[in-house]
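Breakdown of the fold
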Amino acid sequence: MSTPALQEATSKPLDSAWVRAQFPSLRLQVNGQPAAFLDGPAGTQVPRQVMDAIQNYFLTGNANTCGAFASSRVNDAMIAGARAAMADFLHCDKDEVVFGQNMTTITFALSRAIGRELQAGDEIVVTTLDHDANVAPWRALEEKDVVIRQVDIREADCTLDLDDLKRKITSKTKLVAVGYASNAVGTINPVAEITKLAHDAGAMMFIDAVHYAPHGPIDVTSLDCDFLACSPYKFFGPHMGTLYGKRERLLQFQPYKVRPATDALPDRWETGTQVQELIAGIGAAVDYLAELGRRQDPSAGSRRSALLAAYRATRQHETALLGRLVEGLLPIPKLRFFGIHDPKRFDERCSTISIRIGDHNPTEIAKFLGDRGIFTWDGNYYALNLSERLGVERQGGFLRIGLVHYNTAEEVDRLLSALREFAGK
Ligand SMILES: Cc1ncc(COP(=O)(O)O)c(C=O)c1O
């Protein structure tokens, strides 16, 4: 299964020096070594543009919304601008973009609202591959006797078992909740195809695009999904979440809200005062990516075209790093690699890798690397169904190495030589 937007990834080489110069935190040193941020799946670093936008909010627009005075108007305009940026990022209309605290909180709010309309015996499909933030909010509806069906994986390559998925979608299915990409093993799911299967059965489709967002372009219009959530702090922005909802769906369901708050879109879904300074950072994160795209392809006209150009370049860069990493990892003694490792199938995955080495607890490896300035993650990263399914939950989970566009071949080589040293201890 391939992802069309990712197949056409030919671009001039990423201007890595320019990219890295935009991220001041990449200059951090640890024990005399430059920090290698391979922890992107848990949250990426932010470019200077994002920091400036957050500061600028406090300097020019620090007021609540819709007031009859200057700073409030500046804030209103800033929020409208950030929403327009996210609409370009997702390829939807501005009033279909909802801001919120993080993906988990937004998804719980959505599941509560959808749950009001569900009856006992209605079904929701979740997967073994997903982060728990796309499982637990739906499982919470078991309180209302909604039936949750969980789709299995093919263990050999950690891809979704699509035959099982087809079996689990029935005439009672009301919603299918699937991740765009696995935050543990990097598998990219065929979400357009799954959306069609859901719709053919009369069900809605919810996509968790949190992990995919830093790696590939999202197009909710062509996906035709009903909802899609992602978190700007995973794509070079601040710690917030965003939800896309088809207009008719955002109107169909009734969120829990305070009475004086407007019922208009998208406000009815944005309860209370938002973290406005961080919304400023979201707009700047999207504009940073667009700026990168225009540098890569000066003919990119609209912000959306510039974003697509950026992702062509970052995808190409990340895939090259992924190849180098996988080739170096596989020969390491006692290394267990989870997921797709054949370069011919790299369009089915992104550059996030989980491994284990022998019986070593992944925390031990992460600490060994951390002492050398190499930042990786250990544990289950909340992909609990998967770590249980693969039998590693009780052994400390996995070690995760995440590559994003600001990472370099030198960092991959440093990581590989540290892992070889660890494995040879
Ligand atoms: C795939 C995936 N989904 C959901 C989440 C939860 O996102 P948030 O931290 O915005 O609630 C994460 C966070 O790691 C994730 O990786």
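Above this note sits the structure.
Residues numbered from 1 in each chain as written. Predicted model: local features only at pLDDT ≥ 70, side-chain atom pairs only at ≥ 80, totals over all residues. Heavy atoms only, no water.

Around the ligand, the structure places Asn 102, Met 103, Thr 104, His 131, Ala 133, Asn 183, Asp 208, Val 210, His 211, Ser 231, Tyr 233 and Lys 234. Separating an oxygen atom of the ligand from a side-chain N or O atom of Thr 104 is a distance of 2.5 Å. In isolation the ligand exposes 390 Å². Once the protein is present, 90% of that is buried. Looking at the shell around the ligand residue by residue, the class counts come to four nonpolar, six polar and two charged. (Near = heavy atom within 4 Å. Polar contact = N/O pair within 3.5 Å; in protein donor to acceptor, adjacent residues only side chain to side chain. Areas by Shrake-Rupley, 256 points an atom, 1.4 Å probe, with all protein chains shown as cover. Nonpolar A, V, L, I, M, F, W, Y, C, P; charged D, E, K, R; others polar.)

What follows covers the nonpolar core. In terms of nonpolar packing, the biggest core is built from 78 residues, with Met 86, Phe 89, Leu 90, Tyr 180, Ile 218 and Leu 228 touching the most fellow members. In terms of residue count, helix H11 (residues 276-296) provides more of this core than any other element does, eight residues in total. Not counting the four nearest positions on each side in its chain, Leu 228 is found in contact with Leu 90, Tyr 180, Ile 207, Ala 209, Ile 218, Val 220, Leu 223, Thr 242, Leu 243 and Tyr 244. (Core = buried A, V, L, I, M, F, W, Y, C linked by side-chain atoms within 4.5 Å. Buried < 20%, exposed > 50% of the residue type's maximum accessible area, 1.4 Å probe, protein only. Helix = DSSP H or I, 4+ residues; strand = E, 2+ residues; numbered from the N terminus. Contact = heavy atoms within 4.5 Å.)

Bringing the sheet that holds strand S17 (residues 398-402) into the picture now. What the four strands build is an open sheet, ordered S13-S14-S17-S16; its pairing is antiparallel. Sheet topology places strand S13 (335-338) and strand S16 (377-379) at the edges, where each strand pairs with a single neighbour. Adjacent strand axes in the sheet meet at a mean angle of 30 degrees, parallel and antiparallel pairs treated alike. In this fold helix H13 (residues 362-371) packs onto strand S14 (352-357), S16 and S17, with an angle of close to 40 degrees to the strand it touches most, S17. Helix H15 (residues 409-423) rests against S14 and S17 of the sheet, and its axis sits at about 15 degrees to S14. (Pairing = 2+ DSSP bridges. Axes fitted to C-alpha atoms, helices over the stretch in contact; angles between N-to-C directions.)

Contact geometry of helix H4 (residues 70-90) with helix H12 (residues 303-329) gives a least axis separation of 9 Å together with a crossing angle of 55 degrees. In terms of their interaxial angle, H4 and H12 are classed as oblique. The two elements H4 and H12 cross, and the hand of that crossing is right-handed. Between H4, through Gly 81, Ala 84, Ala 85, Asp 88, Phe 89 and Leu 90, and H12, the contact on the second element is made entirely by Arg 303, Arg 304, Leu 307 and Tyr 311. Here the contact of H4 with H12 is built from residues that sort into six nonpolar, one polar and three charged. (Parallel < 35°, antiparallel > 145°, perpendicular 65-115°, else oblique. Left-handed = near helix turned anticlockwise from the far one by under 90°.)

For the rest of this paragraph, the subject is the pairing of strand S5 (residues 123-127). Of all five residues in S5, five are buried, a share of seventy percent or more. The side-chain alternation of S5 yields two buried faces, one formed by Glu 123, Val 125 and Thr 127 and the other by Ile 124 and Val 126. For S5 and strand S6 (residues 147-151), the ladder comprises five bridges, and the chain directions are parallel. Following the sheet pairing, Val 125 is matched in S6 by Arg 149. Relative to strand S9 (residues 173-179), S5 is paired through three bridges, and the arrangement is parallel. Bridged to Val 125 within S9 is Val 176.

The buried fraction of strand S10 (residues 204-208) is high, at five of five residues. The two faces of S10 match: Met 204, Phe 206 and Asp 208 on one face and Met 205 and Ile 207 on the other face are all buried. Traced from S9 through helix H8 (residues 191-200) to S10, the parallel crossover comes out right-handed. Looking at chain direction, S10 and strand S11 (residues 227-230) are connected through three bridges and run parallel. Residue pairing in the sheet places Phe 206 in a bridge with Phe 227 of S11. (Right-handed = clockwise from strand over helix to strand, strands pointing away.)

Our focus in this paragraph is the pattern of salt bridges. One pass over the full model with this rule turns up 25 salt bridges. Lys 196 is the partner of Asp 200 in a salt bridge, and the nearest nitrogen-oxygen pair spans 3.1 Å. Highlighted residues: Asp 200 and Lys 196, both in helix H8, separated by four residues, approximately one helical turn. The residues Asp 200 and Lys 196 share a single accessibility class, namely exposed. In this structure, Lys 246 and Asp 224 form a salt bridge, with 2.9 Å as the shortest nitrogen-oxygen distance. Of the two residues, Lys 246 sits in the loop between strand S12 (241-245) and helix H10 (247-252) while Asp 224 sits in the loop between helix H9 (220-223) and S11, which places them 22 residues apart along the sequence. Judged by its relative accessible area of 34%, Asp 224 is partly exposed. When salt bridges with common partners are traced through the structure, they connect Asp 88, Asp 287 and Arg 303 into a single cluster. (Salt bridge = Lys/Arg side-chain N within 4 Å of Asp/Glu carboxyl O.)

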